[in-house]
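A look at the structure
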Amino acid sequence: MTLPRIAAEPGSSRGLDTPAVQKRSSRFLRRPRPGQTVSFVGLLALAALWIYPFIWLISASLKSSSEIFGSGLNLLPEDPVWANYSRAWTEVGFDRYFLNSVLITGGTVLLIVIRSALAGYVLGRFDFIGKKPLIAVFLITFFLPEGYTIIPITQLTDQLGLLNTHLGVILGLGGGGQIAATLLYAGYFRQLPKELEECARLDGAGHFRIFFQVMLPLAWPITATVTILTFLFAWNTYLLPLVFTLSDPDLRTLAVGMTVFVGEYDTDWSGMAAAAVISLVPVIAVFVVLQRKFVDSIAGAVKQ
Amino acid sequence: MATTQQPSRTTPPGPRPRRRGRLRRIRKDWWIYLFLLPTLLGYGAYTVYPLVASWWYAFLDWPSFAASGTFIGVENFERLLEDDLFWNAFWNSIVFLAVAVPLRVGLALALALALNRKRTPFKGFFRTLFFLPVVTTGAIIGIVFTLLLDAGGPVSLAMVKSGLLDSPANFVADADTSLYAGIAVWVWKWLGITMIYWLAALQTIPQEVHEAAMIDGAGGWREFRHVTLPMLVPFLVIITLIDTVAALNVFDLMQTLTGGGPSFSSEVIEIFIFRTAFQATVPELGYASAAAVLFGLLTMVIAVVQALGIRWARQQTGGAR
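Below you will find a few notes about this structure. Predicted, not measured: the structure shown is a model, and the values here were computed from it. (Residues numbered from 1 in each chain as written. Chains lettered and ligands numbered in written order. Predicted model: local features only at pLDDT ≥ 70, side-chain atom pairs only at ≥ 80, totals over all residues. Heavy atoms only, no water.)

Let's talk about the overall build of chain A
If you tally the helices and strands in chain A, you get 17 helices and zero strands. Residue burial in chain A is summarised as follows: out of 304 residues, 47% are buried. Considering only intrachain contacts with a sequence separation of at least 6, the fraction spanning at least 24 residues in chain A is 70%. Looking at chain A as shown, the accessible area adds up to about 14600 Å², and 66% of this sits on carbon and sulfur atoms. (Helix = DSSP H or I, 4+ residues; strand = E, 2+ residues; numbered from the N terminus. Buried < 20%, exposed > 50% of the residue type's maximum accessible area, 1.4 Å probe, protein only. Contact = heavy atoms within 4.5 Å. Areas by Shrake-Rupley, 256 points an atom, 1.4 Å probe, with all protein chains shown as cover.)

Points about a nonpolar patch on the surface
A surface patch of nonpolar side chains, amounting to about 610 Å² of accessible area, comprises Phe208 and Phe212 of chain A together with Trp30, Leu34, Leu37 and Leu41 of chain B. Counting residues per element, the nonpolar patch draws most heavily on helix 2 (residues 30-57) of chain B, at four residues. Mapped onto the elements of the fold, phenylalanine 208 of chain A is located in helix 12 (residues 207-218). Judged by relative accessible area, phenylalanine 208 of chain A falls into the partly exposed class, the value being 34%. (Patch = residues over 30% accessible without salt bridge, like charges linked within 9 Å, V, L, I, M, F, W, Y side chains within 5 Å. Salt bridge = Lys/Arg side-chain N within 4 Å of Asp/Glu carboxyl O.)

With respect to helix 4 (residues 84-116) of chain B
If you check helix 4 of chain B, its first and last C-alpha atoms are 47 Å apart, about what 33 residues at 1.5 Å a residue would give, namely 48 Å. For helix 4 of chain B, the capping residue at the N-terminal end is aspartate 83 of chain B, with a side-chain oxygen 2.8 Å from the backbone nitrogen of leucine 85 of chain B. (Expected span 1.5 Å × (residues − 1). Polar contact = N/O pair within 3.5 Å; in protein donor to acceptor, adjacent residues only side chain to side chain.)

Regarding the packing of helix 6 (residues 94-125) of chain A against helix 9 (residues 166-174) of chain A
Residues and elements named next belong to chain A. It is the contact of helix 6 with helix 9, at a shortest axis distance of 9 Å, that shows an interaxial angle of 45°. Classed by the angle they form, the pair helix 6 and helix 9 counts as oblique. For helix 6 against helix 9, the interelement crossing comes out right-handed. Together, Asn100, Leu103, Ile104, Gly107, Thr108, Leu111, Ile112 and Arg115 of helix 6 and His166, Val169, Ile170, Leu171, Leu173 and Gly174 of helix 9 make up the contact between the two elements. Residue composition of the contact of helix 6 with helix 9, by class: eight nonpolar, five polar and one charged. (Axes fitted to C-alpha atoms, helices over the stretch in contact; angles between N-to-C directions. Parallel < 35°, antiparallel > 145°, perpendicular 65-115°, else oblique. Left-handed = near helix turned anticlockwise from the far one by under 90°. Nonpolar A, V, L, I, M, F, W, Y, C, P; charged D, E, K, R; others polar.)

So, the environment of valine 137 of chain A
One can find valine 137 of chain A in helix 7 (residues 131-140). A residue is classified by how much of its surface remains accessible, and valine 137 of chain A, at 32% relative accessible area, is partly exposed. The contact partners of valine 137 of chain A, leaving out residues within four places of it in the chain, are Tyr43 and Val48 of chain B.

A few points about unusual backbone geometry
Residues and elements named next belong to chain B. Positive phi, close to 40°, is recorded for serine 263, a residue that is not glycine. Note that serine 263 resides in the loop between helix 11 (251-257) and helix 12 (269-279). Despite not being glycine, phenylalanine 264 shows a phi value in the positive range, around 65°. With respect to the helices, strands and loops of the structure, phenylalanine 264 is situated in the loop between helix 11 and helix 12. Among the residues examined, phenylalanine 264 registers a relative accessible area of 33% and is labelled partly exposed.

So, the nonpolar core
Nonpolar side chains tend toward joint burial in soluble globular proteins. Counting 172 residues, the largest nonpolar core has Tyr121 and Ile151 of chain A together with Phe96, Phe131, Met195 and Trp198 of chain B as the members making the most contacts within it. No other element matches helix 8 (residues 178-203) of chain B, which puts 16 residues into this core. Looking at which domains feed residues into this core, each of domain 1 (46-81) and domain 2 (88-303) of chain A gives three or more. For tyrosine 121 of chain A, the residues in contact, after removing those within four places along its chain, are Phe126, Phe189, Glu197, Ile210, Phe211 and Met215 of chain A together with Trp31 and Phe35 of chain B. One finds Val237, Leu241, Ala303 and Ile310 of chain B within the second-largest nonpolar core, a separate group that totals six residues. (Core = buried A, V, L, I, M, F, W, Y, C linked by side-chain atoms within 4.5 Å. Domains from an automatic or database assignment.)

Remarks on the packing of aromatic side chains
In this structure the tally under the stated criterion is 43 aromatic pairs over all chains. Geometrically, the ring pair formed by tryptophan 50 of chain A and phenylalanine 130 of chain B is edge-to-face, given 5.5 Å between the ring centres and 75° between the ring planes. Taken together, the positions of tryptophan 50 of chain A in helix 3 (residues 34-61) and phenylalanine 130 of chain B in helix 5 (residues 123-131) put the pair across two chains. When the centroid spacing of 5.7 Å and the interplanar angle of 55° are considered together, the rings of phenylalanine 125 of chain B and phenylalanine 126 of chain B count as tilted. One aromatic cluster is present, formed by Tyr121, Phe126, Tyr185, Tyr188, Phe189, Phe208, Phe211 and Phe212 of chain A together with Trp30, Trp31 and Phe35 of chain B through successive ring pairs. Just above the ring of tyrosine 287 of chain B sits the side chain of arginine 79 of chain B; from NZ or CZ to the centre is 3.9 Å. (Phe/Tyr/Trp six-rings, centres within 6.5 Å; stacked < 30°, edge-to-face > 60°. Lys NZ or Arg CZ within 6 Å of the ring centre and 35° of its normal.)

A closer look at the interface of chain B and chain A
On the chain A side, the residues contacting the 101 residues of chain B number 94 residues. At the boundary of chain B with chain A, total buried surface from both sides reaches about 8900 Å², with 78% on carbon and sulfur atoms. Three residues stand out in chain B for area buried against chain A, namely Phe35, Tyr46 and Arg119 of chain B, and they jointly supply 11% of the buried area on that side. Joining chain B to chain A, the criterion identifies zero salt bridges. The tally of links between chain B and chain A comes to 15 residue pairs in polar contact (both at pLDDT 80 or more). Take the side of chain B that touches chain A: its biggest share by element is 23 residues, from helix 2 of chain B. When its residues are assigned to classes, the side of chain B that touches chain A shows 69 nonpolar, 20 polar and twelve charged. (Buried area = accessible area lost by both parts, 1.4 Å probe.)

Here it is in structure tokens:
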């Protein structure tokens, strides 16, 4: 099995000067082994399985409700029903839900970026009394499940009088937890050279100016990563907004609104599909535009 | 106290001056604590306080947020241990873990290996595609799959047409399959992120290792088994830990896909807590807190066991990651 591959290496080097060109040409000259063809076909089959639900969803959002379950496996709608979208948007109230999702996600991202950057800066670059116990608390609570904290958080928010407000949801989502963001900032700030601060201090800058004018702009790759990860988390979160808006329908986010939709209009499948598309489009659009950064963010966060 | 005063000139003698030194240091570093203030307040109120408060609530008979609870000792825990529905939820969570995590970790590794090969075409396209469900909203995916998995939906239809099923079936509404339907959808949704973890891990293996293995005549499976796999063990432990904790946080998907039903067959612990605290006609916040505390302990135990595993794996590889 392996012998022909080794023999092929020197064979491909005839007349070609740079190694890059060598590799490229040998890729096309060499015949794929049967094992590779099998695994490629397997990949294709899996890929079909992964994309199908999305295609089906878009197709269903343009069909009439009777057509969704009546037309078998046919994906093309007979006559696109765009009214499904306007029905979900205005009648069911997804315009309102959308706005709520945007506000809550934006607020949560802002809160987490600011507090994580501030904390990460001092944790990464300075020694101070209480640092070790603080880090210990962070690590102990790293894996605390959301289902564990929801009851006390609801009660706390209730006592603060924030239960039916956007601020209450934002604080609940971004106030605690999210230690990964802090640790990412700390790791980045740690490896910046010491001279940065010394120079700035010679110029007469105080701690706050150093941080906001020198350090925070330098840390933009981390800010981008944290923004992306927090955006995903806040846009997709369900339990906390669900509990916080049980008594106030006006505050529902897209995810919560969607489940209410199912309860109230349980046979409007095409409206449901249209609403699901509306809810998923922003997050998928952001992903497609920034996909390199997305994947690097997650891979980077794990390597830490 | 007097013994601490040592006749040494280089070190500051006695505890009093040192304490004054600490105070002075804290005062000098005041701005550091100001930088930490948002985190200290937020983390204190929304993470540490809930962690501690849950324990207190677990000992209360507490019918609603408006009322105050009465202390009833360990009664909630006694009731929980005899509550069949709690144990049902507990075991459902364990089954979910035990089936879904190996599936997700293993399948993602296979995918990553295929996509890490130099000669696989369209790698970027495949990577994007498998990652796509990761960015989507779990609660909405749950609802979309109730339609996809409906007896009249495309999955059942395709299986009947291809002869895999005799008659149309709704896997979500069947007590025998609802939990496994949830597992399948969960693996579908999250496989991409585990694949990215694995790709990052595979990139730490230098190309020379692969070439050395080829020279030794170890290709394909043998290279994977004896060269690649041992180098991946530390990552395996970390990735399994991340995915295990993720498998305990499946409320959004399960609540919208099956709602824990039919007849509690797919009710995981989080749904049990939510149902007891927020959906019951008479909410039992203390009782739900007791369940949450046990749930937190379970997570903790699993995390600690795996953290020990990580340490062991690091030692095996001589401290290298």
